[in-house]
Amino acid sequence: MDAINPLTLFFAAIFTNNILLTNFLGLCPFLSMSGQKKSAFGMGAAVVFVMASTTALNNLVHFKVLVPLGLEHFRYIVFIVVIAAFVQMVEMTVERFFPALYFSLGIFLPLITVNCAIFGASLFMVIREYDFVQSLAYGAGSGIGWMLAIVAISAIREKLQKTAKLPRGLEGPAITLIITGLLALAFLAFSGMIRVQ
Amino acid sequence: MPNLPPKKEIFLTGLWKDNPVLRQILGICSTLAVTNLMVNTLVMDLGLIFTVCMSSLTVSLLRKVTPLRIRMMVQTLIIASYVIIVDILIKAYLPDISEALGPYVALIITNCIIMGRCEAFARHNPPGASFIDGLGMSLGYSLVLIAIAFIREPLGFGTLLGFRVMPQGFVHWTVMIMAPGAFFTLGIMVWILKYFRPQTGEEKG
């Protein structure tokens with residue numbers, strides 16, 4: 001497999017292969033957290049950081065430890081444990097040294113362990129056989145793409161709450177799903193600009 | 001919970017009244033990703049039913065010996081073990097479908113439904129009831145997935161389970177097999193359901 005330029009991969013992960021809008025990952029927190037712009041932003045920032053770090057970390061763990069030992073089947077468990085341990089560590093560090101940051105971002109950290117986008121990024125990394133730098137670029141790009149989507153949706157939803165009168169039953173998750181569909185349709189316009197699988 | 005509702009009621013709650021996808025909006029990542037083909041959907045459903053039932057049962061059996069502080073980790077590891085079994089089975093017997101499903105089989109681990117059931121039900125209920133609860137919930141999930149695939153495959157590919165169902169001249173709605181179609185289908189289904197049962201809108205949330 002010819003190596004893809006990490007920078008290309010980074011932009012592809014944000015736009016053409018947006019992890020939320022084309023791969024449907026991280027939808028649960030996306031739907032529950034996108035009510036307010038502020039919390040959407042906090043969650044997004046936490047996801048960018050954790051996704052970039054854990055994808056790179058899992059890349060090392062998978063190709064340097066699991067593959068040589070022939071333990072690939074255990075990678076799901078190992079990845080989950082790596083992600084959970086990493087989140088726990090970050091949470092403790094931030095709480096100890098940056099209390100102000102902890103109060104604005106810290107509450108989102110425990111939720112990230114069960115965010116399927118984080119786990120999904122690591123799985124895609126294995127399937128597409130990225131090397132370390134590529135994994136870092138892919139993780140960061142996917143995180144930024146996810147953040148972009150959730151901030152965009154939360155801004156639309158805030159506006160919608162103020163101005164629109166929705167029909168019965170459409171408010172809440174239903175309209176969010178439909179708006180997300182429209183956003184995904186808009187992002188389809190980017191496809192074909194960069195081709196990464 | 002001292003007085004447990006009868007098993008039939010537990011089952012029906014999961015299947016319809018508290019349907020995980022349509023009512024609680026849980027576990028929709030995989031709902032949307034695999035429903036462009038009916039075959040993929042069915043395989044995914046079987047995998048999920050097995051995982052939910054077995055992990056609910058296991059969590060419930062271990063509920064008295066699991067320390068409270070690390071219960072999330074224990075639950076995740078139980079779920080992950082069952083998913084690995086499913087993944088290996090699918091890889092061995094249905095390699096093509098395993099290829100098509102890609103990472104989504106493994107993503108059953110982070111599917112919120114399973115964790116949600118372990119946390120909300122299996123953790124403080126006996127194994128039998130937990131198993132039934134898992135069965136109801138996962139069947140409810142499967143029904144919704146099948147319904148979505150039933151809309152998306154004929155419109156997107158003109159086929160159902162690989163057989164042609166639409167007339168020859170039918171122009172395929174390519175958007176239905178791509179991401180936006182999935183969002184629209186589920187959004188509209190949730191809307192219709194909420195429209196007809198508005199009084200349940202203010203339940204626990």
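Residues numbered from 1 in each chain as written. Chains lettered and ligands numbered in written order. Predicted model: local features only at pLDDT ≥ 70, side-chain atom pairs only at ≥ 80, totals over all residues.

1. Section: the overall build of chain A
When helices and strands are counted, chain A shows nine helices and zero strands. Counting from the amino terminus, helix and strand elements in chain A follow one another as α-α-α-α-α-α-α-α-α. Over its C-alpha atoms chain A spans a radius of gyration of 18 Å, differing by no more than 12% from the 16 Å that the globule rule assigns to 197 residues. Expressed as lengths along the three principal axes of its C-alpha atoms, the size of chain A is roughly 60 × 45 × 25 Å. Intrachain contacts of chain A at a sequence separation of at least 6 include 82% that bridge at least 24 residues. (Helix = DSSP H or I, 4+ residues; strand = E, 2+ residues; numbered from the N terminus. Rg over C-alpha atoms; globule rule 2.2 N^0.38 Å. Contact = placed C-beta atoms within 7 Å.)

2. Topic: the overall build of chain B
Across its full length, chain B holds nine helices and two strands. Element order for chain B, N to C, with α for helix and β for strand: α-α-α-α-α-α-α-β-β-α-α. For 205 residues, the compact-globule estimate of 2.2 N^0.38 gives 17 Å, and chain B sits close to it at 18 Å. Looking at chain B as a whole, 47% of its 205 residues are labelled buried. Across chain B, every contact between residues at least 6 apart in sequence was considered, and the portion connecting residues at least 24 apart equals 76%. (Buried ≥ 20, exposed ≤ 12 C-beta atoms within 10 Å, placed from the backbone.)

3. Some words on the packing of helix α4 (residues 75-97) of chain A against helix α7 (residues 116-127) of chain A
All names here are of chain A. Taken N-terminus to C-terminus, the directions of α4 and α7 make an angle of 135°; their axes are 10 Å apart at the nearest point. One finds that α4 runs oblique with respect to α7. You can see that α4 and α7 cross each other, and the crossing is right-handed. Together, Arg 75, Phe 79, Ile 80 and Ile 83 of α4 and Ile 118, Phe 119, Ser 122 and Val 126 of α7 make up the contact between the two elements. Of the residues belonging to the contact of α4 with α7, the class tally is six nonpolar, one polar and one charged. (Axes fitted to C-alpha atoms, helices over the stretch in contact; angles between N-to-C directions. Parallel < 35°, antiparallel > 145°, perpendicular 65-115°, else oblique. Left-handed = near helix turned anticlockwise from the far one by under 90°. Nonpolar A, V, L, I, M, F, W, Y, C, P; charged D, E, K, R; others polar.)

4. Some remarks on helix α3 (residues 37-69) of chain A
All names here are of chain A. With 33 residues, α3 should cover 48 Å at 1.5 Å per step; its first-to-last C-alpha distance of 45 Å lies within 8% of that length. Its axis deflected by about 35° at His 62, α3 carries its strongest bend there. Phi turns positive, to about 70°, at Gly 70, one or two residues after α3. (Expected span 1.5 Å × (residues − 1). Bend = angle between axes of the 7 residues up to and from the residue.)

5. Here we look at the interface of chain A and chain B
On the chain B side, the residues contacting the 32 residues of chain A number 34 residues. Secondary-structure elements contributing two or more residues to the side of chain A that touches chain B are α2 (27-33), α4, α7 and α9 (173-187) of chain A. For the side of chain A that touches chain B, the element with the highest residue contribution is α9(A), accounting for eight residues. Taken together, the residues of the side of chain A that touches chain B break down into 24 nonpolar, seven polar and one charged.

6. Some details on the confidence of the model for chain A
Of all residues in chain A, 94% have pLDDT values of 70 or greater, and the mean over the chain is 83. Helix α8 (residues 132-163) of chain A holds the highest mean pLDDT among the elements of chain A, 89, whereas helix α6 (residues 109-112) of chain A holds the lowest, 72. (pLDDT = per-residue confidence, 0-100.)

7. Remarks on the nonpolar core
In this structure, A:Val47, A:Ala117, B:Cys29 and B:Ile109 are the most contacted members of the largest nonpolar core, which totals 116 residues. Dropping the residues within four chain positions of it, B:Ile109 is found in contact with A:Tyr76, A:Ile80, A:Phe119, B:Ile79, B:Ala80 and B:Val83. (Core = buried A, V, L, I, M, F, W, Y, C linked by C-beta atoms within 7 Å.)

8. A closer look at the confidence of the model for chain B
Residues and elements named next belong to chain B. The share of residues in chain B with pLDDT of 70 or more is 94%, and the mean pLDDT across the chain is 81. In the model of chain B, helix α2 (residues 28-34) stands out as the element of lowest mean pLDDT, 76, in contrast to helix α3 (residues 38-61), which has the highest, 90. A low-confidence stretch, residues 200-205 stays under pLDDT 50, and its non-local contacts, those more than four residues away or across chains, total one contact. Reported confidence for the predicted complex is 0.80 by ipTM and 0.83 by pTM.

9. Focus: the environment of B:Leu107
Among the structural elements, B:Leu107 can be located in the loop between α5 (95-101) and α6 (112-120). Exposure remark for B:Leu107: the 26 C-beta atoms within 10 Å place this residue in the buried category. The sequence separation of B:Leu107 and B:Gly27 amounts to 80 residues, and the corresponding C-alpha distance is 10.0 Å. Excluding residues that lie within four positions of it along the chain, B:Leu107 makes contacts with A:Cys116, A:Phe119, A:Gly120, B:Cys29 and B:Ser30.

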